[in-house]
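What follows is each chain in one-letter form.
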Amino acid sequence: MNGFDYVKSSYSSGSGECVEVALNVPGTVAVRDSKDAAGGPILRLAPQAWARFAAELGRGPLRGGAR
């Protein structure tokens, strides 16, 4: 067990395209793909990096045209 308590995104669709985020460990935001929650990779970010990422998503297309 990694100690993260994940919550599924409210934007997740029913088609399995879901991410889960854990905010319960101080100094770390953990993100994982809910399709592979048991053994998949976990992306660990500093809270400041997560906040910037989330803010950029709200602005529209990301730099480079990818979204």
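Residues numbered from 1 in each chain as written. Predicted model: local features only at pLDDT ≥ 70, side-chain atom pairs only at ≥ 80, totals over all residues. Heavy atoms only, no water.

Below, the discussion takes up the pattern of salt bridges. Following the criterion strictly, the structure yields two salt bridges and no others. With a shortest N-O distance of 2.6 Å, E20 and R32 are connected by a salt bridge. Taken together, the residues E20 in strand β2 (residues 19–22) and R32 in strand β3 (residues 29–33) connect sequence positions twelve residues apart. According to the relative accessible area criterion, E20 is buried, its value standing at 12%. A salt bridge links D33 to K35, with the shortest nitrogen-to-oxygen separation between them at 3.2 Å. (Salt bridge = Lys/Arg side-chain N within 4 Å of Asp/Glu carboxyl O. Helix = DSSP H or I, 4+ residues; strand = E, 2+ residues; numbered from the N terminus. Buried < 20%, exposed > 50% of the residue type's maximum accessible area, 1.4 Å probe, protein only.)

Overall, the coordinates contain two aromatic pairs when judged by the stated rule. A centroid spacing of 5.7 Å and a plane angle of 40 degrees characterise the contact between W50 and F53, whose relative ring orientation is tilted. Of this pair, W50 and F53 both sit in helix α1 (residues 47–57), three residues apart, which is roughly one turn of the helix. Assessed through its relative accessible area of 21%, W50 is described here as partly exposed. One Lys or Arg, R32, reaches over the ring of Y6 and ends 3.7 Å from the middle of that ring. (Phe/Tyr/Trp six-rings, centres within 6.5 Å; stacked < 30°, edge-to-face > 60°. Lys NZ or Arg CZ within 6 Å of the ring centre and 35° of its normal.)

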